[in-house]
Each structure stands twice: as C-alpha cells, then as structure tokens.
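Residues per chain, in single letters:
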Amino acid sequence: MSGNAISFALNDEQNELRRTVRSFLENKADDAAIRGQLDTPVGYDTALWHQMSHQLGLTGLAIPEEFGGQGFTFVELGIVAEELGRCLLPAPYFASVVLAANLIMHSGDDAAKGRYLPGIAAGSTAATVAITEESGRWQPHAIRTRARSSGTGWALEGTKSYVLDGCNADVVFVAARTDTGISLFAVDEFQTVARRPLSTLDPTRRQARMKFDATPAALIGDEGQGWPVLAQTLSLGASALAAEQVGGAQRCLEMAVDYAKVRKQFGKPIGSFQAIRHKCADIFLEVECARGAAYYAVQAAAELSGELAAAASLAKACSSEAYAHAAAANIQIHGGVGFTWEHPAHLFFKRAKSSGHLLGDATFHRGLLADLVGI
C-alpha cells in the first residue's frame, strides 16, 4: 500500500483507555461471569451494559458530541473492540456501536443521525444492521428483500438471516431493493416482523432470522444509494472486527504459554519441549503480523483513508486466520483439559470460527483485496 506512513503508537490517553477498559472487564466479565450471561433471555448482562454505557461512556466513544457521544476517533473504538475480544463479552457492542452507529453516521441523513445516534450513544437503544439473507453472502447481488413505496411510506417484504443481536434490537437498519437500487431503511416497530433466534456455533454472539411482512420502514439517506454506505460500513466493521480478533488471538496465546510453563511431563514443563516452543513462536509471529494489519486498518478507518477498503480486507483475512490458528493451538497445548466444557478454550475456538465468517471469510476478503489492487 502507498501513502503516508501510519504510526501504530498509542498516545497516553489511548493507553489509559486500554488500561481502564481491561481493568473493568477483568473485574466484571471473567470467565465465570461470561458463562452466566449466556443463558439469560437477552444473552448479555444488562447491568454491565449500563455500566459500560453510562460509567465508561464506551457506547458513545466515537459518536460526535453533537449527537450525545464523546467525539473520539475510530482508533479508540478499535482499542475497545480489541479488549472486548480478549474476554468474549456477549453484548450488542459490535452490532450497535460499530455497525449501526457508523452506518447512520455515514448515511448523509441528518434527520436519522439526530433520531438514532443519541440513543445508541447512551446505550439505551440497541441497534443492528440486517444485510445478509439465506445465502449468507455480503455482496450487493445477494440482497433480495424488497421495499415498496405507498402513499403513507415504505414497507419491507423479505427475510434477513444471521442478523447480529436481531431478536433484542430496538431498531434494525435493513438493506433492501427498490426500483432504483439498494436502499437503507430503519425498522423500529416489530408487530409485522417475525424474529427467530438462530442456533449458532458461538454462544457469545447471538444471531437472528427476521422475516418482514409488509413491515413499515423509514428510508435512510437517498433511495438507491444504499450500497456505497453499506460498503463503507462493512469496511469499518471489518477493521474493528480485525482488532477484536487480534484481542482474542492474543488471549489464546497467553493462555497457552501460561499453561505450558506449569504443565509438566517427564518432570519438565511442556514449554521446554521444542515442539511446544515452536508452536507458540509461530502463533506469536502470526498474531503480531495480524496486529499490524489490524492497527493499520483502524488508522485508515479513523482517517477515512482511500486505502480503507484494501486495509480492512487485508486485516480481516490476516486476523481471521491468526485467531483460528491461535485458538486451535491453545486447545492442543492444553491437551485433554482444553476439550472440556469447563475450560474457556472452546469458547475462544468457537468465537474464532464465527468471527472468521462474519463480514466475509479470509478467502472472500482476499478476493476483494485482489480486485482492489488490480490482480
């Protein structure tokens, strides 16, 4: 990639944000607390969500002050995403704060910004974005849901699948086709929406299937101009998700190394064996490479650089594979205990698999990157 050099060094304020978020999550969202949240009706701790929103201000971190946020940049959002990835916190943060808020902020619709962003910033509105359908593809040709105009407004017909936190969202931003192309719509009345939770591999990130039956909706932005907004939102989302995956991969590496230091075989720590040492070294190298790509993407997102799409796809591909390898190695190094339900290793493995497919897998993003650079 060309352009001006980007510094990955964080300033004092950003380092303090990381320390604060990590300390908060270590105290409030340890492994036992995470497991306890998985069986609740909404799938996350609403009291903890309130603390994140009101005490730490994490939900409004990168939303402009004029809409109730704190006005920080996407770099700060990436730091929070990385720390959330370290602990697998089940919360609507990625769906609401990363995807939905950024879609509205870049929609060019000032009325929609004023209506939805203050609630998202305060944590009182849980929002999500519904793009994919039965095919699971993150491409414009896969969007089949229709929006029809009448004298009283718009109505949606169709089905969306794999909608993050879709069953409990207060507002859903839907990609649908009109006569002029892909457009964006807001749905905040659900009487004519059938919402069904999906059975997923990863219990820490809930997904839903949503069927719209003449569902009233409000147009966001200009009709037929939805895909450029969605494409930018997906690039921003991939950048934050890459940072989140790096956080999870780093935690897997730390767990594996800590265990290798204390687990003994033949009277020696298994970390002294060459095979284990090489495996940990390989994972360390892969995680650090993914971290560099993710940080580059987050910086490009903060600047809305022309390299954002390419940087995001590169980061998503690298971090997806690094996380999958780190999670698998963590289980292997732990041996039998790593396969048990009681150990958290399997939760990281499942998150690595699900995040690898979210917003497109590594192969998909390599294809996007190849198209962008003209290969």
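Residues numbered from 1 in each chain as written. Predicted model: local features only at pLDDT ≥ 70, side-chain atom pairs only at ≥ 80, totals over all residues. Heavy atoms only, no water.

### Observations concerning the overall build of the protein chain
At step 1: Check the secondary structure of the protein chain and you find eleven helices and nine strands.
At step 2: If you line up the protein chain on its principal axes, its C-alpha atoms span 80 × 50 × 40 Å.
At step 3: Within the span of the protein chain, comprising 375 residues, buried residues form 55% of the whole.
At step 4: In the protein chain, of all internal contacts separated by at least 6 residues, the share reaching a separation of at least 24 is 75%. (Helix = DSSP H or I, 4+ residues; strand = E, 2+ residues; numbered from the N terminus. Buried < 20%, exposed > 50% of the residue type's maximum accessible area, 1.4 Å probe, protein only. Contact = heavy atoms within 4.5 Å.)

### Some words on the pairing of strand β7 (residues 207–220)
At step 1: In terms of strand pairing, strand β3 (residues 153–164) meets β7 through nine bridges, oriented antiparallel. The partner of L156 across the bridge, within β7, is T215.
At step 2: Taken together, the three bridges between strand β5 (residues 181–187) and β7 define a ladder with antiparallel strand orientation. Its bridge partner lying in β7, L184 is registered against I220.
At step 3: As defined by bridge partners, strand β6 (residues 193–197) adjoins β7 across five bridges and the pair is classed as antiparallel. Across the sheet, V193 pairs through a bridge with F212, a residue of β7. (Pairing = 2+ DSSP bridges.)

### Observations regarding the packing of helix α9 (residues 308–334) against helix α10 (residues 345–357)
At step 1: Closest axis-to-axis distance for the α9/α10 pair is 9 Å, and the angle between their directions is 160°. On the basis of the axis angle, α9 is roughly antiparallel to α10. Both α9 and α10 take part in a crossing whose hand is left-handed. Counting all contacts with α9, which are made through K316, S320, Y323, A324, A327, A328, N330 and I331, the residues of α10 involved are A345, H346, F348, F349, R351, A352, S355, G356 and H357.
At step 2: By residue class, the composition of the contact of α9 with α10 is nine nonpolar, six polar and two charged. (Axes fitted to C-alpha atoms, helices over the stretch in contact; angles between N-to-C directions. Parallel < 35°, antiparallel > 145°, perpendicular 65-115°, else oblique. Left-handed = near helix turned anticlockwise from the far one by under 90°. Nonpolar A, V, L, I, M, F, W, Y, C, P; charged D, E, K, R; others polar.)

### Focus on the side chain of E83
At step 1: Relative to the elements of secondary structure, E83 occurs in helix α4 (residues 74–87).
At step 2: Accessibility expressed as a relative area gives 2% for E83, which makes it buried.
At step 3: Here R22 takes part through its side chain, which lies 2.8 Å from a polar atom of the side chain of E83.
At step 4: Residue contacts for E83: discarding those within four places in its chain leaves R18, V21, R22 and L25. (Polar contact = N/O pair within 3.5 Å; in protein donor to acceptor, adjacent residues only side chain to side chain.)

### Considerations on the UniProt feature "domain: Acyl-CoA dehydrogenase/oxidase N-terminal" (unreviewed entry) in the protein chain
At step 1: UniProt's feature table lists "domain: Acyl-CoA dehydrogenase/oxidase N-terminal" (unreviewed entry) at residues 11–123, given in the numbering used throughout.
At step 2: For residues 11–123, helix accounts for 66% and strand for 0%, while the C-alpha atoms at its two ends are 27 Å apart. (UniProt positions renumbered as here; feature names shortened; annotations may be inferred.)

### Remarks on the domain arrangement of the protein chain
At step 1: Domains assigned within the protein chain are domain 1 (12–125), domain 2 (128–225) and domain 3 (227–373).
At step 2: Summarising the inter-unit geometry, the C-alpha centres of domain 1 and domain 3 are found 21 Å apart.
At step 3: Facing 21 residues of domain 1, the contacting portion of domain 3 comprises 35 residues.
At step 4: Here domain 1 meets domain 3 over a buried area of about 2300 Å², counting both sides, of which 66% is carbon and sulfur. (Domains from an automatic or database assignment. Buried area = accessible area lost by both parts, 1.4 Å probe.)

### Things to note about the nonpolar core
At step 1: Among the nonpolar cores identified, the biggest contains 78 residues, and L89, Y93, F94, F173 and L230 are the most heavily contacted of them.
At step 2: A total of eleven residues in this core trace back to one element, the largest contributor, which is helix α5 (residues 93–105).
At step 3: Residues in contact with F94, not counting those within four places in the same chain, are L99, L164, R205, G237, A240, L241, E244, L358 and L359.
At step 4: Counting residues in each nonpolar core, the second largest holds 16 residues, with A130, F185, V193 and F212 among its members. (Core = buried A, V, L, I, M, F, W, Y, C linked by side-chain atoms within 4.5 Å.)

### Looking at unusual backbone geometry
At step 1: Here the phi dihedral of L88 falls at roughly 60°; this positive angle occurs in a residue that is not glycine.
At step 2: Relative to the elements of secondary structure, L88 occurs in the loop between α4 and α5.
At step 3: Taking the relative accessible area as the measure of exposure, L88 reaches 2% and is therefore buried.
At step 4: Residues other than glycine seldom take positive phi values, yet D165 does so here, at roughly 50°.
At step 5: Structurally, D165 can be placed in the loop between β3 and β4 (171–178).

### Remarks on helix α8 (residues 274–303)
At step 1: Taking 1.5 Å per residue, 30 residues should reach 44 Å; α8 reaches 44 Å between its end C-alpha atoms and fits that length.
At step 2: Looking one or two residues beyond α8, the residue adopting positive phi is L304, at roughly 50°. (Expected span 1.5 Å × (residues − 1).)

### Topic: the pattern of salt bridges
At step 1: Counted according to the given criterion, the structure contains 17 salt bridges.
At step 2: Residues R351 and D202 are paired through a salt bridge, measuring 3.1 Å at the closest nitrogen-oxygen approach. Remark: D202 occurs in the loop between β6 and β7 and R351 occurs in helix α10; sequence separation between them is 149 residues.
At step 3: On the basis of relative accessibility, which here comes to 3%, the residue R351 falls in the buried class.
At step 4: By relative accessible area, D202 is classed as buried at 2%.
At step 5: When the shortest N-O distance is used, the salt bridge between R205 and E244 registers 2.8 Å. One end of the pair, R205, is in the loop between β6 and β7; the other, E244, is in helix α7 (residues 226–262), with 39 residues separating them in the sequence.
At step 6: Overall, the relative accessible area of 10% leaves R205 in the buried class.
At step 7: The network of salt bridges with common partners includes R18, R22, E82, E83, E288 and R291. (Salt bridge = Lys/Arg side-chain N within 4 Å of Asp/Glu carboxyl O.)

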